[in-house]
Amino acid sequence: MTSINVRVDGMSYSDDVEPRTLLVHYLRETLGKVGTVVGCDTSNCGACTVHLDGESVKSCTVFAVQADGCEVTTIEGVSSSDGTDGALHPVQKAFHEMHGLQCGFCTPGMIMASIDLLKENPSPSETEIREGIEGNLCRCTGYQNIVRAVQQAAGEMSGSPAGADTLGAQA
Amino acid sequence: MTVTEDAATLAPAKEVGQPRRRKEDARLITGRTTWTDNMVLPGMLHLAVVRSPVAHARITGIDVSAAQQAPNVVAVFTGRDLAEEQGSIPCAWPVTPDMVNPGHPSIAVDQVNHVGEAVAIVVGRSKAAATDAVELVDVDYEILPPVLDMEAAVAEGADLVHDQLESNTSYHFVFDAGEAGTGADTEQAFADAEVVVSRRLVQQRLIPAFMEPRSVVVQPQGDNFTMWSATQIPHVLRVMLAMVTGVPEHKLRIIAPDVGGGFGGKLQVNPEEVLALLLARRLGKPVKWTETRSESLMAAHHGRGQVQFIDIASDREGNVKGLRVRLLADMGAYLRLITPGVPALGAFMFPGIYKFPAYRFECDGVFTNKVPTDAYRGAGRPEATFAIERIMDELAVELGMDPLELRRKNWIQAEEFPFTTVAGLEYDSGDYEQATQKALELLGYDELRAEQQRRRESGDPVQLGIGFSTFTEMCGLAPSRVLGSLSYGAGGWESASIRMLPTGKVEVVTGSTPHGQGHETAWSQLVADQLGVPFEDVEVLHGDTAVSPRGMDTYGSRSLVVGGTAVVKAAEKVVAKARKVAAHLLEASEDDLEFADGKFSVRGTPGATVGIQEIALAVFAAHNYPEDVEPSIDAEATFDPVNFSFPHGTHLCAMEVDTDTGMVKIRKYACVDDVGTVVNPLIVEGQVHGGLAQGIAQALYEEAVYDADGNLTTGSFVDYLVPSAADLPHFDTANTVHAAPGNPIGAKGVGEAGCIASTPAVVNAALDAVRHLGVSDILMPLTPERVWRAIHQGGDGGDRATAGTNAYGGAQTESTAGVSTPASSLGGDR
Ligand code: FES
Ligand code: FES
């Protein structure tokens, strides 16, 4: 066992973990942060994406001990409160507005990856968005509304009016 | 502003048709979800399954002693330990009276029949402890020859999957329109035909690959058991588990909490669900099992898996005369819930939207040493649609006709609805021409055809093709009597009830069980309109057999059509009951009451009104209500449709094919779907998108590949190519609306449309791009390797070499595909 000190979603935790414990398992099983999920065992799906010191990482590829002394943000910590509409992160809000989710299993990871994408590139093109979230798989949406959501959030975060259509050809 | 406009603004907007943002989202976008794997119970034990590494073998010995002694291992069980109580995984669809079902143990006892079959289970205090000990279980196998190829499996003298059976054929199912009286004699039609085109098409095996891995938790409480499972079918599961395990049905409660996608893949009674229940009973402790992705790909059921021999007959002018289909359908090693029924369901859809005078369908269900197949989005209908839409193109080529012209000549005209097809189905409504016109505009058809011509003439290495798919599907599963006539083991009704709470809030209990479809939102819209209550005042309850006791669950694009209708019927009953109370409270005759926007008012007496939400409080207090009624306006309804519904649409794909590299790229995808009345356009569009992604993925990316020993070489997301955002195009979608006459909502079903229609559009487009180079078929998925080989070496591009998958070191992902590297050059046998 190794002891670690981590800040997760604004709270400090001290725990003894096995060296082999993955960050995602530490989050889910030790801290009960079950908003972050596991979708694969080969680091392909991105469902487990969180921010480690502000950068997006797949938490199934990071050992809990590697997060020692770090700041972790999960989907549960991106909005300032309990998720009532006003307090949502613009990316969360945009996923809701643009119907960027169906079953929602990929959603925490998608949102975390999208937030990071917009930090790197505040006004990405459609292609840049598609390539930027390539590491996150969604089986439900066909991605189009996820792309729209990221575009909409980009607009809102840069203060310009939303550019994306809500309903495409059906509007 | 005129008075009329004023009135219009005052009246509450109809909810049906509004792109309401989903109620479900609030918890999903904030991580406050209840996935089964989130569940932790005091004293809970964890299960890890030891799985067969071989496809076909006799188990000659299992040594569990080392595993039993491993730290924090509570117990280890083998098939022998559970043989007496495990029963067989049920098959609810014996498609023929003489269908052979070898039985399906949840855990192998004497013999394993596919890689990934359970042979032992370790129970540990933690998941890690159980998983660590899996490797310590020592199993001796006496290897038997694996049966993998269907055509070889049905040949004379083939090795047998189940040596107690006489052959590898489970059943032979025939539908003959001549015999059924729905069409002319097929043999005669072919004998008389001027033109016959025959093809052998392959529907590769696919993996549903829902994003949430399967997971189950069972809690014993005395002689009661509560099971949480990531399932599409809590109600069906309860009945089946009771029958299989002998746990009485009333002692079993099944809860499907938040479920992360299913696509048919969670329409199953899983071996692991049976085993978790048996072990919870035996140990008297709560147990949890959650699969890894590799387990999921290897052991959860697959979909598709057909070899299709299809013949089409026509005259020289392109009037179709007959259709003949012979299928080999891969059952895998066992029959699961509806394994044999999937191809049989497709039997009725091969004629598509065309007026064939004669039709014959035959299917052999074939056992192989692979994981069983079962429902995957579309279940039988994508296979049928693929075959008919591919063969229509082949016939057009043979006749030298425009493929759209040929379709137009043969499809059912708008004025001919309702139309009874050669397969005996009564298509309800639609207009194929209208949808097609709209799709052509959406695609920019004429311009793209002109560009195709330019590229042809200039010999551009990148060629362009346009592919059609004009399709229909049978949805709204299903009229119970029809299911009965097809030997299905259950009905197709759905149940709903509405509870009016004292504060005027409304609880809607539905037997439909969502796993991403947005029922909570759409059902709220339906009820808000029916009862005239605010959308926000409606709560939809589902997925728990104790809360929603009756249901047939969610699959086959049935939820809105059947389950939504049950909700509407229940609401009508609520209004009828409330009307009596309103009449009493308003001291008026029922006949003089009008109900609009949630209020009863007395005709001609302004101001005499009472709201339905007030009536809910009045019957709760029950101080003043009519003598001849019960003090409740709650109601329940069960709806059993009399017919299927038949959504249709035209899907068009424009595809670029790089003839130098074999790389294909969708240039534009446009589709117009007619799914009847749209309750929520946002949800409908999302369903179409998701379906398109899966259908396109079948055409371009996905295939469950087994090697010569029966190992699944696409056993992780490294090799099984679920497309990413970068692998898919933008979709241009639109609707036409022909309301379904068979239900009061007018909805036809949308969950499967995109998945059913898109695959042939994509393949037809690729072939259209390279047909002038002598290519007439390419096996799916259209990997660059196959496309290149088809162009440069002829044939259909050949089987996908297992050596080409990453598991064999032949790394080739879609993003590196087409780039020749030392690694990728290992990937074929060129
Ligand atoms: S669980 Fe981490 S990438 Fe799939
Ligand atoms: S919403 Fe279901 S996987 Fe993305």
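Rules and cut-offs
Residues numbered from 1 in each chain as written. Chains lettered and ligands numbered in written order. Predicted model: local features only at pLDDT ≥ 70, side-chain atom pairs only at ≥ 80, totals over all residues. Heavy atoms only, no water. Helix = DSSP H or I, 4+ residues; strand = E, 2+ residues; numbered from the N terminus. Rg over C-alpha atoms; globule rule 2.2 N^0.38 Å. Buried < 20%, exposed > 50% of the residue type's maximum accessible area, 1.4 Å probe, protein only. Contact = heavy atoms within 4.5 Å. Lys, Arg positive; Asp, Glu negative; His and termini not counted. Charge placed at Lys NZ, Arg CZ, Asp CG, Glu CD. Buried area = accessible area lost by both parts, 1.4 Å probe. Salt bridge = Lys/Arg side-chain N within 4 Å of Asp/Glu carboxyl O. Polar contact = N/O pair within 3.5 Å; in protein donor to acceptor, adjacent residues only side chain to side chain. Nonpolar A, V, L, I, M, F, W, Y, C, P; charged D, E, K, R; others polar. Core = buried A, V, L, I, M, F, W, Y, C linked by side-chain atoms within 4.5 Å. Pairing = 2+ DSSP bridges. Axes fitted to C-alpha atoms, helices over the stretch in contact; angles between N-to-C directions. Phe/Tyr/Trp six-rings, centres within 6.5 Å; stacked < 30°, edge-to-face > 60°. Lys NZ or Arg CZ within 6 Å of the ring centre and 35° of its normal.

What about the overall build of chain B?
The helix and strand tally for chain B stands at 23 helices and 28 strands. In terms of overall dimensions, chain B is globule-like: its C-alpha atoms have a radius of gyration of 28 Å, near the 28 Å expected for 830 residues. Seen through its principal axes, chain B has C-alpha atoms that stretch 85 × 75 × 50 Å. Expressed as a percentage of the 830 residues in chain B, the buried residues total 65%. Within chain B, residue pairs in contact and separated by at least 24 positions form 79% of the contacts whose partners lie at least 6 positions apart. Counting 66 positive and 109 negative side-chain charges, chain B places the centres of these two groups 3 Å from one another.

Looking at the interface of chain A and chain B
Contacts between the two partners involve 51 residues from chain A, matched on the other side by 60 residues from chain B. Taking both sides of the interface into account, the surface hidden between chain A and chain B amounts to around 4,600 Å²; carbon and sulfur atoms contribute 55%. Scanning the region where chain A abuts chain B turns up five salt bridges. Of the charged contacts in the structure, one is a salt bridge between B:E702 and A:R139, with a shortest N-O distance of 2.6 Å. Put simply, chain A and chain B have 23 residue pairs in polar contact (both at pLDDT 80 or more) between them. If you list the elements that add at least two residues to the side of chain A that touches chain B, you get α2 (90–97), α3 (107–120), α4 (126–132) and α5 (144–157) of chain A. In terms of residue count, α2(A) provides more of the side of chain A that touches chain B than any other element does, four residues in total. Here the residues of the side of chain A that touches chain B sort into 20 nonpolar, 19 polar and twelve charged.

Notes on the nonpolar core
The biggest cluster of nonpolar side chains holds 217 residues, and the ones touching the most others in it are A:F95, B:Y359, B:F361, B:M655, B:Y669 and B:L700. Among the elements that make up this core, the one with the highest residue count is helix α13 (residues 381–399) of chain B (nine residues). In terms of nonpolar packing, the next biggest core, distinct from the first, is built from 43 residues, B:W523, B:V527, B:V538 and B:A571 among them.

Topic: the sheet that holds strand β3 (residues 49–52) of chain A
All names here are of chain A. The strand order β2-β1-β5-β3-β4 describes an open sheet built from five strands, whose pairing is mixed. Strands with a single pairing partner mark the edges of an open sheet, and in this sheet they are β2 (11–17) and β4 (55–58). Across the sheet, the mean angle from the axis of one strand to that of its neighbour is 40 degrees, orientation sign disregarded. On top of the sheet, helix α1 (residues 23–30) reaches β1 (2–8), β2, β3 and β5 (71–73); it is set at about 105 degrees to β2, its chief contact. Here α3 sits on the sheet in contact with β3, β4 and β5, set at roughly 45 degrees to β3.

Looking at the packing of aromatic side chains
Residues and elements named next belong to chain B. Inspection of every chain in the model, using the stated rule, returns 13 aromatic pairs over all chains. Taking 6.3 Å as the distance between ring centres and 75 degrees as the angle between the ring planes, the aromatic pair formed by W411 and Y432 counts as edge-to-face. With W411 in the loop between α14 (403–410) and β16 (419–420) and Y432 in helix α15 (residues 432–443), this pair connects stretches of sequence that are 21 residues apart. With respect to class, W411 is no different from Y432; both count as buried. When the centroid spacing of 5.6 Å and the interplanar angle of 80 degrees are considered together, the rings of F417 and Y432 count as edge-to-face. Taken as a pair, F417 in the loop between α14 and β16 and Y432 in helix α15 lie far apart in primary sequence, 15 residues in all. On the basis of relative accessible area, Y432 is assigned to the buried category, the value being 3%. Here the basic side chain of R550 rests over the ring of W493, its NZ or CZ set 4.5 Å away from the ring centre.

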